[in-house]
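# Structural characterization, general
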Amino acid sequence: MANPDLYIHPELPERIFPWEKYDPQTREEIDDFFNSAEVRVIKERMVDMGRRLYKREYVDGNGGNLSVRVGKDLVLCSPTLCSKGFMTVEDICLVDMQAGQLCGYRPRTSEVKTHIAMMKATGVNACIHAHPPCCNAFLFSGIVPPNGINPEADIFLGHIPLAPYGTPGSDETAAAVAEAAKQSTVVFMENHGVITGARHIEEAEWFMENADAYCKMVLLAGLHKAPLNQVDEAGIADFLAIRKSLGYAVPEGQPPYNMRTFAGYTMGTAGKKD
């Protein structure tokens, strides 16, 4: 028989950077902070996430960008025109919350404005923008995948919103993403790609993987030419309870389902037999 006295209860590793503690003001203070050991750890994680994105073919060429908030008015971000699969710690840039560049020998990504807009709108600490192919197969058509089908998707992604198209790096796009992110911090950007916001950079990468895997499953399921099934509303309530327990937001008044019809048919209910 198991002995509960032997059970251990390990804590989750702390990956959230305590950005509220840091507010360097002078050029010397900013440079010292940018080159500090604490910030280097975050740069290394960003480089690692860039390699993951590249290996999973979520970015190609110089596509995609990453950011992490590291101060009251400071954000690390990837540079423009840089392959995320071969990015180095030395390539990382530092900007303020108005997207003005403070440090780095390479120009910062123009799309950091969109990341910062999401941070301001939702309180996330890290963002990733990428072009995962199965997600793009949806958003190129101006649609998002249905919810209520898979527990992991509802728990970690919520109701994925679609932000209307805007020129990459523009104020228009930043505003559209910030508004959409109030529904979920996994946002499909029409005719563009996906942006994920999270508590730390690895969590943002997980969400990107979750989204593309889910879209792939929905696309494959459609090959059966049979209606997809959604769980009932009690099941959705269970998903949302787990989502909230993990610290993820659920918008007030959000309906159980983002759609009940998909690909021209009405979806069925899991477990219900005609």
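In this report, the structure presented in the accompanying data block is examined. (Residues numbered from 1 in each chain as written. Predicted model: local features only at pLDDT ≥ 70, side-chain atom pairs only at ≥ 80, totals over all residues. Heavy atoms only, no water.)

Phi is positive for Ala99, close to 75 degrees, though the residue is something other than glycine. Topologically, Ala99 is positioned in the loop between strand E3 (93-95) and strand E4 (101-103). When its relative accessible area of 4% is taken as the criterion, Ala99 is described as buried. Phi angles above zero are rare outside glycine, and Asn191 is one such case at about 60 degrees. Within the secondary structure layout, Asn191 lies in the loop between strand E7 (186-189) and strand E8 (193-198). (Helix = DSSP H or I, 4+ residues; strand = E, 2+ residues; numbered from the N terminus. Buried < 20%, exposed > 50% of the residue type's maximum accessible area, 1.4 Å probe, protein only.)

Looking now at the pairing of strand E2 (residues 74-77). Here E2 shows no split at all, with Leu74 and Leu76 on one side and Val75 and Cys77 on the other all buried. One ladder, built from four bridges, connects strand E1 (residues 65-71) with E2; its direction is antiparallel. Bridge pairing in E2 places Arg69 opposite Val75. Adjacent in sequence and paired antiparallel, E1 and E2 are bridged by two residues. Two elements, E2 and E3, share three bridges in a ladder whose sense is antiparallel. For Val75, the partnering residue across the bridge sits in E3 and is Val95. (Pairing = 2+ DSSP bridges.)

In this approach a probe as big as a water molecule rolls over the atoms, and the regions it shows empty are the leftover space. Applying the stated criterion across every chain yields a total of four cavities of 30 Å³ or more. Empty space within the largest cavity amounts to approximately 70 Å³. Lining of the largest cavity is provided by Arg15, Phe17, Ile42, Arg45, Val68, Arg69, Asn125, Arg199, His200 and Ile201. Looking at the lining of the largest cavity, the elements with two or more residues in it are helix H2 (37-55) and E1. Split into classes, the residues belonging to the lining of the largest cavity amount to four nonpolar, two polar and four charged. Its boundaries defined by the atoms lining it, the second largest cavity holds a volume of some 60 Å³. For the second largest cavity, the lining is made up of 13 residues, of which Asp154, Gly158, His159, Leu240 and Gln254 are closest to its centre. For the lining of the second largest cavity, the element with the highest residue contribution is helix H8 (residues 233-245), accounting for three residues. (1 Å grid on protein atoms, 1.4 Å probe; cavity = no way out; pocket = protein on both sides within 12 Å on 5 of 7 lines; lining within 4 Å. Points joined across faces, edges and corners; volume = space filled by probe spheres on them. Nonpolar A, V, L, I, M, F, W, Y, C, P; charged D, E, K, R; others polar.)

Another point: the environment of Ala37. In this fold, Ala37 is placed in helix H2. Sequence-wise, Ala37 and Val89 are 52 residues apart; in three dimensions their C-alpha atoms are separated by 12 Å.

Strands sit in the order E4-E3-E2-E1-E5-E8-E7-E6 across an open sheet of eight strands; the sheet is mixed. Bordering the open sheet on either side are E4 and strand E6 (162-163), each of which pairs with just one other strand. By the bridge criterion, four bridges tie E7 to E8 in an arrangement that is antiparallel. By the bridge assignment for E8, Val187 is matched with Ile195. The sheet contacts of H2 involve E1, E2 and strand E5 (126-130), and relative to E1 the element is tilted by about 165 degrees. Contacting E6, E7 and E8, helix H6 (residues 171-180) runs over the sheet at an angle of about 140 degrees to E7. (Contact = heavy atoms within 4.5 Å. Axes fitted to C-alpha atoms, helices over the stretch in contact; angles between N-to-C directions.)

For a regular strand, side chains alternate in direction, first toward one face of the sheet and then toward the other. Most of E8 sits out of view: six of its six residues are buried. Along E8, one buried face is formed by Gly193, Ile195 and Gly197 and the opposite face, lined by Val194, Thr196 and Ala198, is buried too. One ladder, built from five bridges, connects E5 with E8; its direction is antiparallel. Paired with His129 across the two strands is Ile195, which belongs to E8. Following E7, the chain reverses through three residues before pairing antiparallel with E8; Asn191 in that reversal takes a positive phi of roughly 60 degrees.

What follows covers a negative patch on the surface. A cluster of acidic residues, Asp23, Glu28, Glu29 and Asp32, forms a negative patch on the protein surface. Structurally, the position occupied by Asp23 is in the segment before helix H1 (27-34). (Patch = residues over 30% accessible without salt bridge, like charges linked within 9 Å, V, L, I, M, F, W, Y side chains within 5 Å. Areas by Shrake-Rupley, 256 points an atom, 1.4 Å probe, with all protein chains shown as cover. Salt bridge = Lys/Arg side-chain N within 4 Å of Asp/Glu carboxyl O. Lys, Arg positive; Asp, Glu negative; His and termini not counted. Charge placed at Lys NZ, Arg CZ, Asp CG, Glu CD.)

What follows is about the packing of H2 against helix H7 (residues 201-221). At a closest axis distance of 9 Å, the pairing of H2 and H7 adopts a crossing angle of 10 degrees. Between H2 and H7, the angle falls in the class roughly parallel. Remark: the crossing between H2 and H7 carries right-handed chirality. Two secondary-structure elements touch here, H2 through Arg45, Met46, Met49, Arg52 and Leu53 and H7 through Ile201, Glu202, Glu205, Trp206 and Met208. In the contact of H2 with H7, the residues fall into six nonpolar, no polar and four charged. (Parallel < 35°, antiparallel > 145°, perpendicular 65-115°, else oblique. Left-handed = near helix turned anticlockwise from the far one by under 90°.)

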